Amino acid sequence: MRAVSLFVQPLLRGCALRLQRPRSALYLSAVLSTLAAPALSTTVTAGSVQLTFTVDAPDLNVNGDAARWLAPPRLIGGRTLLPLRETAALLGHPVQVGGTGQLGLGRVMVAPDGTASLAGVPQPAGTALIIDGAVYLSARTLADALDANLSAADDTGRALTLTALRDGGNPLAPQARFSTDKLVYAPGERVVYTEYAYDPDGADLTSRKWAGRQDAFFQPGTYAVGLSVTNSRGLSSVPFTRTVTVQGAPLDSPLTYALKYAAPGDRFLDAQVLNYPSAAVLPVAGTSFPLIFSDSPEVPTRSGVLYQDTLAGPVRLLAYHLNGLGKPARLYVLARNIEDRPVEVRTLRQGETAPTRVEGLLGQVTLLDYFASTGGPRLTLAPGQSAAVYASPTLGVGSGANVMQDLTASGRVELTFLMLEDGLPPSAQVAQQLPYLPGDGKHVRGTFPNAVRHLRVNLGTLPARIVIGDGQLDPAIDGIDKLTNQPVRLSGNYGVLYDLEVNGAAGMAVALSPRGGLYRGAMNVQDGPLSQTIKLPRSGNAIKPQEPVLLWRAGSDRLNIDFIPASGSNLPISLVFYRSGQKGVSGLGEFLKTYQP
């Protein structure tokens, strides 16, 4: 028997109609609401809709398919009465709601007090009644209002058939349409949707709203999936629905399905993620460079020097500061040549979030900007000359800047981080006249050598995980605050590059599991000739360890991951390795590597 294709718009106090298959009948689960509720809509694919029902019985047939009333027909005062809203929904006709609460269906109007009129002609008392909060209408009057046919279905007179032409709708409204590749699926089987909605006049479709759509259904049953579209004129379609039947032996669980089909950046559930064994992580030799980190005072209240050190060669700068000056200000990094010869200072890569007031946003945007960067300007400084290698946009009061910048200098340069009120030039003379601002006692600044960690993981038994940024298995980096000459430790290793080589990766999926709270970041992966920077997560925040975020599904035996802990997010995190159930990363083969650490 075919399933009834029904979809009720979520009109009545947010309750939408859905379908289930308990034994042989389809149940319509919706709660009818008050007279002031908006109109119901139902998608019906036949030209006419035929309801066969029995008075005071809960069962009915809709175009030959079994269904069930929420409010059965009644026989009162010699009249067969039908629930107005529910019948209209089954027939695919909208119920209009007037400003004073009256309901309109076709040519009939029902007032809040229960009086009814047909084409403006008052109807006898008892034509409409309000029973248990639901509006009932005489079956004969309802048929006349819709120019429908009402006939007896048996000799008792208690079984009736109502046949009505479906509503024509608004000729200017767009039409929602879609199909599925199958009608019956196994639990956990992937559902492929093909949308072909259109506008009668070719107007753009500006929004789409799905109801009940899932990429896979994991429990047996019958599910209604609906689509509504809106065009550029603001007109919306009648919801269009199809039903999907799920039965048989499971093909995938939610976890195995996600490992096969989830897109990079998607979250999925894994209740066992904290119980997986640790994979062995081997440090390996490789090139490194220092990190200069400026985050204290995080909120300076006056213009001054935030941090300063002298270096040559490659260096990474990472700064995060908020404007607490009470007036517009800018964050600068000033480079001064202290050699007796010209020195070239070149920006290799830069990521920035400025201005911003959202702390959880800044680290992710900076990393995405950083990984997408392909180089920057070159400055040649004469002996004693200074120039700004970074200048933030103007920061309003309470707004901040986060910048990560890789530089290389052909000689020794003094690098000075400055917060200057708007109007003060970032010059060596100004910097020399300004005070060194004391740290705030809560955040860190300093110079940290060896800010690149080259790690190798040889995968064996899966699932397995490694932990980053916990301060124990992965120790915090140590450095010196050059303004106070005091040792400092950078918990979370923000700004440190983890160059991770994973061997035995073919057919493996890797995901990020947040362990310290909210995390929003990005990683760059290289899988043979493929490369991509992945936003983690694609939307929202990663918060729960049991909801890891898919990073990549490997096709090559060796996978390289570049990870830098995101400013404003919480450490530690775990990288969790699984068997994916398939090789490769479908749909990502067009990306080529642009990022080079």
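1. Describing the packing of aromatic side chains
And step 1. A full pass over the atoms with the stated rule returns 13 aromatic pairs.
And step 2. With a centroid separation of 5.9 Å and 40° between ring planes, the pair formed by Tyr498 and Phe563 is classed as tilted. Of this pair, Tyr498 sits in strand E36 (residues 497–503) while Phe563 sits in strand E41 (residues 558–563), and the two are 65 residues apart along the sequence. Just as Tyr498 is buried, Phe563 falls in that class too.
And step 3. One aromatic cluster in this structure is built from Phe178, Tyr193, Trp210 and Phe240.
And step 4. The ring centre of Trp210 lies 4.5 Å from the NZ or CZ of Arg213, which sits over that ring.

2. Regarding the sheet that holds strand E20 (residues 205–211)
And step 1. Within the open sheet, the 4 strands sit side by side as E18-E22-E21-E20. Their pairing is mixed. Strand pairing shows two members of the sheet lacking a second neighbour, strand E18 (184–185) and E20, which therefore form its edges.
And step 2. Inspection of the sheet shows E20 paired to strand E21 (residues 221–231) by 6 bridges, in the antiparallel sense. The residue bridging Arg208 from the neighbouring strand is Val229, located in E21.

3. Some details on the pattern of salt bridges
One side chain can pair with another of opposite charge once the charged atoms of both are near each other.
And step 1. What the rule picks out here adds up to 21 salt bridges.
And step 2. A salt bridge links Asp199 to Arg233, with the shortest nitrogen-to-oxygen separation between them at 3.7 Å. Highlighted residues: Asp199 in the loop between strand E19 (193–195) and E20 and Arg233 in the loop between E21 and strand E22 (240–246), separated in sequence by 34 residues.
And step 3. Residue classification places Asp199 among the buried residues on the basis of a relative accessible area of 7%.
And step 4. Here Arg233 falls in the partly exposed class, since its relative accessible area comes to 44%.
And step 5. Between Asp201 and Arg233 there is a salt bridge; the shortest N-O distance is 3.4 Å. Here Asp201, found in the loop between E19 and E20, pairs with Arg233, found in the loop between E21 and E22; they are 32 residues apart in sequence, far enough to count as distant.
And step 6. Several salt bridges converge on common partners, so that one network encompasses Asp199, Asp201 and Arg233.

4. Overview of the pairing of strand E30 (residues 400–421)
And step 1. For E30, the tally of buried residues reaches 19 of 22 residues, placing the bulk of the element in the interior.
And step 2. Relative to E30, strand E26 (residues 329–337) is paired through 9 bridges, and the arrangement is antiparallel. Note on E30: the bridge partner recorded for Arg336 is Glu414.
And step 3. With 9 bridges connecting them, strand E27 (residues 343–356) and E30 associate as antiparallel partners. Bridge assignment links Thr356 to a residue of E30, and that residue is Gly400.

5. Let's talk about the confidence of the model for the protein
Close inspection of predicted coordinates is inappropriate for parts of the model with low pLDDT.
And step 1. Within the protein, residue pLDDT values average 89, and 90% of them lie at 70 or more.
And step 2. The model gives residues 1–44 a pLDDT under 50, and that stretch makes 137 contacts with residues more than four places away or in other chains.
And step 3. Low pLDDT, under 50, characterises residues 583–597; the predicted model gives this stretch 34 contacts beyond four residues in sequence or across chains.

6. Re helix H3 (residues 254–261)
Each α-helix turn comprises 3.6 residues. Residues three or four places apart therefore point the same way.
And step 1. Among the residues of H3, those classed as buried are Tyr257, Ala258 and Leu259.
And step 2. In this structure, the buried side of H3 is in contact with strand E37 (508–514), strand E40 (549–553) and strand E42 (573–579).

7. A closer look at the sheet that holds strand E10 (residues 108–110)
Picture the strands of a sheet paired through backbone hydrogen bonds; they go either parallel or antiparallel.
And step 1. Spatial strand order, E8-E9-E10-E11-E12: 5 strands in an open sheet with antiparallel pairing. This sheet does not close on itself; its edge strands, each paired only once, are strand E8 (96–97) and strand E12 (121–122).
And step 2. Where E8 and strand E9 (residues 103–105) come together, 2 bridges link them in antiparallel fashion. What sits directly across from Gln96, in E9, is Gly104.

8. Looking at unusual backbone geometry
And step 1. For the bond running from Ala354 to Pro355, omega is -10°, close enough to zero to count as cis.
And step 2. One can find Pro355 in strand E27.
And step 3. With an omega of 5°, the peptide bond running from Leu462 to Pro463 counts as cis.
And step 4. Within the secondary structure, Pro463 is located in the loop between strand E32 (452–458) and strand E33 (464–468).
And step 5. Backbone geometry at Ala119 places phi at a positive 55°, although glycine is not the residue there.
And step 6. Residue placement: Ala119 occurs in the loop between strand E11 (116–118) and E12.

9. Side note on the side chain of Asn402
And step 1. Looking at where Asn402 falls in the secondary structure, it is placed in strand E30.
And step 2. Residue Asn402 is classed as buried on the basis of its relative accessible area of 1%.
And step 3. Within the local environment of Asn402, its side chain forms a polar contact with the backbone oxygen of Ala319, the two atoms lying 3.2 Å apart.
And step 4. Within the structure, Asn402 has its side chain in polar contact with the side chain of Thr366 (distance 2.7 Å).
And step 5. Not counting the four nearest positions on each side in its chain, Asn402 is found in contact with Leu318, Ala319, Tyr320, Gly351, Glu352, Thr353, Leu362, Gly363, Thr366 and Ser567.

So, how was this worked out
Residues numbered from 1 in each chain as written. Predicted model: local features only at pLDDT ≥ 70, side-chain atom pairs only at ≥ 80, totals over all residues. Heavy atoms only, no water. Phe/Tyr/Trp six-rings, centres within 6.5 Å; stacked < 30°, edge-to-face > 60°. Helix = DSSP H or I, 4+ residues; strand = E, 2+ residues; numbered from the N terminus. Buried < 20%, exposed > 50% of the residue type's maximum accessible area, 1.4 Å probe, protein only. Lys NZ or Arg CZ within 6 Å of the ring centre and 35° of its normal. Pairing = 2+ DSSP bridges. Salt bridge = Lys/Arg side-chain N within 4 Å of Asp/Glu carboxyl O. pLDDT = per-residue confidence, 0-100. Contact = heavy atoms within 4.5 Å. Polar contact = N/O pair within 3.5 Å; in protein donor to acceptor, adjacent residues only side chain to side chain.

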